[in-house]
Amino acid sequence: MPDNQYLASVSSNPVFQKMVKRRHRMVWSLSSGVLAINILYILAMSFAPEQFSQSLLSEGYVTYGIFYYLLIILVGIAASAYYSWWSKYYYDPMRNELLASLEIEYKGGLND
Amino acid sequence: MISRNISRECQKFGLLITLAGFSGWLYASGAIEGAVEKQPLNITAIFMFVVFALSTLGITWWAAQRSQSRADFYAAGGSIPAWQNGIAISGDFLSAATFLGITSAVYIGGYDGLLFAAGVMMGWPIILFLIAEPLRNLGRYTFIDVVSYRLKRRPVTILAAVSSLVVVIFYLIAQLVGAGKLIQLLFGVDYIYAVVCVSLLMILYVSFGGMLATTWVQFIKAILLIFGGTLIAFLVIKHFGFSLDNLLKEATDSHKLGQSLLAPGNLFTSPGAIMSLAVTSLFGFMGLPHILMRLFTVKNAKAARMSAFYSIAIMGYFYVLIMVIGFGAIPIIMDNPDYHHGQSLIGGGNMVVLHLSHFLGGNMLLGFISAVTFATILAVVAGLTMSGAATIAHDLYTNGLAKKEVSEAHEVWVSRISVLALGLLSIALGIAFEHQNVVFVATMSLAIAGSVNAPILLMSIYWKGLTTRGAIVGGIAGLVLSVGLIIVGPQIWVAVLGFEKPLYPYTYPTIVSAPVAFFVLWLVSITDRSKQAEMDRAGIEMQFVKSETGLNIAEASAH
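Draft legend 1. How the structure looks around the overall build of chain A. Summing up its helical and strand segments, chain A has four helices and zero strands in all. Across chain A, helices and strands are ordered from the amino to the carboxyl terminus as α-α-α-α. The buried share of chain A, taken over its 112 residues, is 42%. Here the analysis covers contacts within chain A between residues at least 6 apart in sequence; of these, 59% occur between residues at least 24 apart. Working note: accessible area of chain A is about 5900 Å², and carbon and sulfur atoms make up 63% of it.

Draft legend 2. Molecular detail of the overall build of chain B. For chain B, the helix and strand inventory stands at 22 helices and two strands. Against the globule reference of 24 Å for 559 residues, chain B gives a C-alpha radius of gyration of 23 Å, in line with a compact fold. Each principal axis of the C-alpha atoms in chain B carries an extent, and together these give about 75 × 50 × 45 Å. Accessible surface for chain B amounts to roughly 17500 Å². Of this, 67% is attributable to carbon and sulfur atoms. Each charge class in chain B was averaged separately, 31 positive and 26 negative side chains, and the resulting centres sit 7 Å apart.

Draft legend 3. Examining the environment of Leu225(B) more closely. Residue and element names in this part refer to chain B. Relative to the helices and strands, Leu225 is located in helix 9 (residues 191-239). For Leu225, a relative accessible area of 2% corresponds to the buried category. With 24 residues separating them in the primary sequence, Leu225 and Leu201 have C-alpha atoms 19 Å apart. If we skip the residues at most four places from it in the chain, Leu225 touches Leu94, Phe99, Phe318, Val372 and Thr376.

Draft legend 4. The arrangement of the pattern of salt bridges in detail. Enumeration according to the criterion identifies nine salt bridges over all chains in this entry. One salt bridge connects Arg305(B) with Asp92(A), and the closest N-O pair in it is separated by 2.8 Å. Placement of the pair is Arg305(B) in helix 13 (residues 301-333) and Asp92(A) in helix 4 (residues 64-101), with the two residues belonging to separate chains. Taking the shortest distance from any N to any O, the salt bridge between Glu133(B) and Arg305(B) comes out at 3.2 Å. A residue pair is termed long-range when its members are at least 10 positions apart, and Glu133(B) in helix 6 (residues 115-138) and Arg305(B) in helix 13 qualify at 172 residues.

Draft legend 5. A look at a nonpolar patch on the surface. Taken together, the side chains of Tyr82(A), Trp85(A), Tyr89(A) and Tyr90(A) present a nonpolar region at the surface, about 460 Å² in accessible area. Tracing the sequence through the fold places Tyr90(A) in helix 4.

Draft legend 6. Highlighting the packing of helix 4 (residues 82-93) of chain B against helix 13 of chain B. Residues and elements named next belong to chain B. Remark: helix 4 packs on helix 13, axes separated minimally by 7 Å, with the N-to-C direction vectors making an angle of 50 degrees. In this view, helix 4 runs oblique relative to helix 13, as classed from their interaxial angle. In this structure, helix 4 crosses over helix 13, and the sense of that crossing is right-handed. In contact with Ala82, Trp83, Asn85, Gly86, Ile87, Ile89, Ser90 and Phe93 of helix 4, helix 13 contributes Ala303, Met306, Ser307, Tyr310, Ser311, Ile314 and Met315. Here the residues of the contact of helix 4 with helix 13 are counted per class, giving 10 nonpolar, five polar and no charged.

Draft legend 7. The packing of aromatic side chains, seen in detail. Per the stated rule, a full pass over the model turns up 32 aromatic pairs over all chains. Taken together through their ring pairs, the aromatic side chains of Tyr41(A), Phe52(A), Tyr64(A), Phe67(A), Tyr68(A) and Tyr111(B) make up a single cluster.

Draft legend 8. Summary view of the packing of helix 6 of chain B against helix 21 (residues 540-549) of chain B. All names here are of chain B. Two numbers describe how helix 6 lies on helix 21: the axes approach to 7 Å, and their chain directions differ by 115 degrees. Taken together, helix 6 and helix 21 sit at an angle that is classed as roughly perpendicular. Read as a crossing pair, helix 6 and helix 21 show a hand that is right-handed. Contacts between helix 6 and helix 21 involve Glu133, Pro134, Asn137 and Leu138 from the former and Gln543, Lys546, Ser547, Glu548 and Thr549 from the latter. Looking at side-chain class alone, the contact of helix 6 with helix 21 contains two nonpolar, four polar and three charged residues.

Draft legend 9. Highlighting the interface of chain B and chain A. Taken together, the contact between chain B and chain A spans 68 residues of the former and 63 residues of the latter. Both faces combined, the contact of chain B with chain A buries some 5700 Å², and carbon together with sulfur accounts for 69% of it. Here chain B is connected to chain A by four salt bridges. Taken together, the links from chain B to chain A amount to 12 residue pairs in polar contact (both at pLDDT 80 or more). Those elements that provide at least two residues to the side of chain B that touches chain A are helix 6, helix 10 (244-254), helix 11 (271-286), helix 13, helix 21 and helix 22 (553-556) of chain B. Among the elements that line the side of chain B that touches chain A, the one with the most residues is helix 6 of chain B, at 14 residues. Its residues assigned to classes, the side of chain B that touches chain A shows 41 nonpolar, 12 polar and 15 charged.

Draft legend 10. Spatial organisation of helix 9 of chain B. All names here are of chain B. Given a rise of 1.5 Å per residue, 49 residues ought to cover 72 Å, yet the end C-alpha atoms of helix 9 are separated by just 36 Å, more than 12% below that figure. Of all the bends in helix 9, the largest measures some 130 degrees and sits at Gly209. Following helix 9 by one or two positions, Gly241 has its phi on the positive side, about 65 degrees.

Draft legend 11. Summary view of the nonpolar core. In terms of nonpolar packing, the biggest core is built from 221 residues, with Tyr41(A), Phe99(B), Trp124(B), Ile232(B), Tyr319(B) and Phe327(B) touching the most fellow members. Ranked by residue count, the leading element in this core is helix 14 (residues 352-401) of chain B, at 25 residues. Sequence-distant contacts of Tyr41(A), defined by excluding residues within four places in its chain, comprise Phe52(A), Tyr68(A), Tyr69(A), Ile72(A), Tyr111(B), Leu115(B) and Ala118(B).

Draft legend 12. Spotlight on helix 2 (residues 43-64) of chain B. All names here are of chain B. With 22 residues, helix 2 extends 31 Å from end C-alpha to end C-alpha; this agrees with the ideal 32 Å at 1.5 Å per step. Listed as buried for helix 2 are Ala45, Met48, Phe49, Phe52, Ala53, Thr56, Ile59, Thr60, Ala63 and Ala64. Looking straight down helix 2, one finds that the buried residues subtend no more than 145 degrees of arc, so they occupy a single side. Summarising the geometry of helix 2, the exposed residues directed more than 90 degrees from the buried face are Ile43, Phe47, Leu54 and Trp61. Buried residues along helix 2 sit against helix 8 (153-187), helix 9 and helix 14.

How each quantity is defined
- Residues numbered from 1 in each chain as written.
- Chains lettered and ligands numbered in written order.
- Predicted model: local features only at pLDDT ≥ 70, side-chain atom pairs only at ≥ 80, totals over all residues.
- Heavy atoms only, no water.
- Helix = DSSP H or I, 4+ residues; strand = E, 2+ residues; numbered from the N terminus.
- Buried < 20%, exposed > 50% of the residue type's maximum accessible area, 1.4 Å probe, protein only.
- Contact = heavy atoms within 4.5 Å.
- Areas by Shrake-Rupley, 256 points an atom, 1.4 Å probe, with all protein chains shown as cover.
- Rg over C-alpha atoms; globule rule 2.2 N^0.38 Å.
- Lys, Arg positive; Asp, Glu negative; His and termini not counted.
- Charge placed at Lys NZ, Arg CZ, Asp CG, Glu CD.
- Salt bridge = Lys/Arg side-chain N within 4 Å of Asp/Glu carboxyl O.
- Patch = residues over 30% accessible without salt bridge, like charges linked within 9 Å, V, L, I, M, F, W, Y side chains within 5 Å.
- Axes fitted to C-alpha atoms, helices over the stretch in contact; angles between N-to-C directions.
- Parallel < 35°, antiparallel > 145°, perpendicular 65-115°, else oblique.
- Left-handed = near helix turned anticlockwise from the far one by under 90°.
- Nonpolar A, V, L, I, M, F, W, Y, C, P; charged D, E, K, R; others polar.
- Phe/Tyr/Trp six-rings, centres within 6.5 Å; stacked < 30°, edge-to-face > 60°.
- Buried area = accessible area lost by both parts, 1.4 Å probe.
- Polar contact = N/O pair within 3.5 Å; in protein donor to acceptor, adjacent residues only side chain to side chain.
- Expected span 1.5 Å × (residues − 1).
- Bend = angle between axes of the 7 residues up to and from the residue.
- Core = buried A, V, L, I, M, F, W, Y, C linked by side-chain atoms within 4.5 Å.
- Arc of directions from axis to C-beta.

Rendered as structure tokens:
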């Protein structure tokens, strides 16, 4: 089968292997990071609710709870922004390098 | 006393929360539907809505000429720019439930209401990291293309299609019943006209304009909603002298809960309740077919990644507005006799944002926000129908049941017929369920998405050991368990069947059913010694190259 031979050549290509390894390391660490922060938030909300109503500054009504909520939103956006930036400057060039070495123009995955 | 008042208030606004599938806690008291009063005819709102409907119908006419081929019909030919798709995705999430429901949840229960928003901000980055790119690289029109890529196509497609259809139809029922009631409130139009009007517009958009029209409807509505939300939040914060501190002070001063308004524990009374919502958010969104389908409307994996990122940023921004609006409504609305009949809020608890917009901007702003809310429902319903039609025609008919090859034109024809069928079905269900308790329907939708679709999707992309048998048995386990636990949970066992205590304490089953589905899927796969299993495992190599690079093997091998 020509397909399988071709495939084997791609999947054993060192650029491909490096690129997959790095992307996987990135996505799984970012996912665990975001999850860990959210789990902390959920646990704090469940078991230390009184902490949430304390003022963030020495006085006033902006509480730790409000701060954590904004932080959760910010973490989600920042992690996504970081990943998009990383992909653009590190991952996409690796993929282009791979496709160039395979002499294929990247058609963007549209398969019909 | 306070808690009884809260639960009575909750009964009223639970309706809208239902739209997002976030119904349960608020209904723990066993209410059926909020009492809905028909409001006087709102001319400004109707006028603005007619403008929206006419312009979107114009777009549909334009889109119809560009939606002939299968790729056009299902995925707008992959022609949607990433930023526009990102706005459309956030439009799917910023539903009437988010806008009216979460603000009402904050208005009534304080801090806990924000957890609904925080859950989305947890689930979406994970979708971006783990799902968006492989999904776009492996599939064509639906996520079922992806899960059946290396497994035995027919059985996996049929299981995933059935589960997706249940998700879509249940979501549709919840949306339509909610929409009917809401429109009765906002526009002063009868329930039945509202349901028929929503269904007819949705049939027109989707059957003629396909994904292109659906995307534009979603996109325009999202822009209007973001604009409306920004305007209200700005006027609210201005009302409190541009001081969040002042806003929160007045909120705690005028709320029955006082200081504890800013602490968790008013809506969710146990750690289990909080955690089961969090798990449901995480897996549920990952398995919603109409959301995943949006990722196929852009040209490649990179654009899918960017659109997921844009949508996360927009949603994050909107959830900050929601917090300001929810807390800011408390001092403005709570003691204002203009918006109350005696003790209760005019029109029910869902009306918080509407009253607030009336207070801040008079009839003009009220009319605008009402029209945007109607447009929001319409857009979400259109997206659901689009996804349901693709599941019926592309997955179930062409890849699942058809004995011979189905031509492209024939498949598109089947999709258009499916849209019509789904539209008529939704009118019938909308009428049938008008006086029923539909709360569990939305919960079930999100729970099935999280317990069947999400485990199969994640494992088929990342775990080479997954076999056809494992996916089928694991998926069925997730399906049976999620439905079963909802039946013996508070929403059916207590609220519908009238038992005193639920056998399963939480509204959402996902905290149990998703892990069990993963476990069964793993166990059955590793013990699978069939010939098919060998082929399934061997397929990972080819799938992997494709999911990581978007490379089309067949095309590339020609070189």
